[in-house]
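Examining the three-dimensional arrangement
Residue-level listing of the chains:
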There are 2 protein chains.
Amino acid sequence: MSRDEVRRRPSNSRASVRRVPGPCARWDDENASFIREILDLVGDKWSVLVIGTLADGAVRYSDLAYAIPGVSQRMLTLTLKQLKRDGLVERTAYPEVPPRVEYQLTPLGTSLLSTVLALADWSATNHAEIRRNRMAYDAG
Amino acid sequence: MSRDEVRRRPSNSRASVRRVPGPCARWDDENASFIREILDLVGDKWSVLVIGTLADGAVRYSDLAYAIPGVSQRMLTLTLKQLKRDGLVERTAYPEVPPRVEYQLTPLGTSLLSTVLALADWSATNHAEIRRNRMAYDAG
DNA sequence: CTGCATCCTTCGGGATACTG
DNA sequence: CAGTATCCCGAAGGATGCAG
């Protein structure tokens, strides 16, 4: 998707009614909620960590809780439930005793993983510069 | 950065002291806060919208407020301040009356833009499937 | 026009206790 | 083991008013 597709003037813009429109187009509600959709997926720390943890294959609930320091049962459960709802992870319950449940990425989830890793690449490349920028800003 | 660099067992792991470690490694605190750093940048709706709006070039404050529906003055100001602190946008104030202030992406901000657009690409490609998944989940 | 300060509400999410 | 249910607090963020 190009930027011009994402950012589009609302059809039959009434901008001039309210004010002189500036040099730039306006995000319409559809695209704003589109952004919201993305952030619901990857704008959340726990989701990212869960997806990253599942990169190697199926992992069971208690191992996820172990692998992700600081996550509460509540948030782990909620995160997994949402990821399953979105079709990013698959849940498999084995009818054993004690019960065993494994989670793994779906192909969709795997494709998201690679995209998120691209973001991690960017961050890894630039976080030193960002830290410098912050220190310079805070010093000035 | 590869996943194995991001996700690394803490040095001299004491995992076996507490419990039998699962099949997967554990995120250490450094990498968890690394994730947090990314999300502070792109996990926020307003930041993403501001960066997207600045894609074409310099935009002044009031035009940003117009271009981004629903943003409050408070959040726009805070978002711009943080983006400036991180060195993603540049602020230029013209000593005129009435005052005029323009914001534009730095090269660093532009590089982040392309990465975020990759995420938008993924979302555009897959959001239909995600919606189907959700509907199927909610129906079942 | 471009903000900053304050109040106030909402709610994400941690802690804890309980269940199949 | 793998969750669910409840309480509760701090932070995010909108609304409003003021200032340079």
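Residues numbered from 1 in each chain as written. Chains lettered and ligands numbered in written order. Predicted model: local features only at pLDDT ≥ 70, side-chain atom pairs only at ≥ 80, totals over all residues. Heavy atoms only, no water.

In the nomenclature of an unreviewed UniProt entry, chain A is known as DNA-binding transcriptional regulator, HxlR family of Asanoa hainanensis.

1. Re the overall build of chain A
Looking only at helices and strands, chain A features seven helices and three strands. Going from N to C terminus, chain A has its helices and strands arranged as α-α-α-α-β-α-α-β-β-α. Relative to all contacts within chain A whose residues are 6 or more apart in sequence, the contacts with residues 24 or more apart total 42%. Of the roughly 7,400 Å² that chain A leaves accessible, carbon and sulfur atoms contribute 51%. (Helix = DSSP H or I, 4+ residues; strand = E, 2+ residues; numbered from the N terminus. Contact = heavy atoms within 4.5 Å. Areas by Shrake-Rupley, 256 points an atom, 1.4 Å probe, with all protein chains shown as cover.)

2. Digging into the side chain of B:S47
Residues and elements named next belong to chain B. Summarising the element assignment, S47 is placed in helix α4 (residues 45–53). Overall, S47 belongs to the buried group, its relative accessible area being 2%. In terms of polar contacts, S47 uses its side chain to reach the side chain of D44, at 2.7 Å. Not counting residues within four places of it along the chain, the set of residues in contact with S47 comprises L41, T79 and L83. (Buried < 20%, exposed > 50% of the residue type's maximum accessible area, 1.4 Å probe, protein only. Polar contact = N/O pair within 3.5 Å; in protein donor to acceptor, adjacent residues only side chain to side chain.)

3. Brief notes about the pattern of salt bridges
In this structure the tally under the stated criterion is 10 salt bridges over all chains. A salt bridge links B:R134 to A:D86; the nearest nitrogen and oxygen atoms lie 2.4 Å apart. Note that B:R134 is positioned in helix α7 (residues 107–139) and A:D86 in the loop between α6 (73–85) and β2 (89–94), a pairing that runs across two chains. A:D86 matches B:R134 in its accessibility class, with the two residues each being buried. (Salt bridge = Lys/Arg side-chain N within 4 Å of Asp/Glu carboxyl O.)

4. Quick word on the relation of the copies chain B and chain A
Expressed as a screw transformation, the operator carrying chain B onto chain A has a rotation angle of 180° and an axial translation of 0.0 Å, and the superposed copies differ by an RMSD of 0.0 Å. What the rotation and shift describe, once combined, is the action of a two-fold rotation axis. Residues of chain B ranked by C-alpha distance from the rotation axis are headed by B:G43, positioned 2.0 Å from it. When you check the interface residues of chain B against chain A, 97% turn up at the interface there too, and the contact is symmetric in its surfaces. (Least-squares fit on C-alpha atoms with pLDDT ≥ 70 in both.)

5. A look at the pairing of strand β3 (residues 100–105) of chain B
All names here are of chain B. Taken together, the two bridges between strand β1 (residues 59–60) and β3 define a ladder with antiparallel strand orientation. For R60, the partnering residue across the bridge sits in β3 and is E102. When strand β2 (residues 89–94) meets β3, the two strands line up antiparallel, connected through six bridges. Considered in β3, the bridge of R91 is made with Y103. Hairpin geometry of β2 and β3 is characterised by an intervening segment of five residues between the two adjacent antiparallel strands. (Pairing = 2+ DSSP bridges.)

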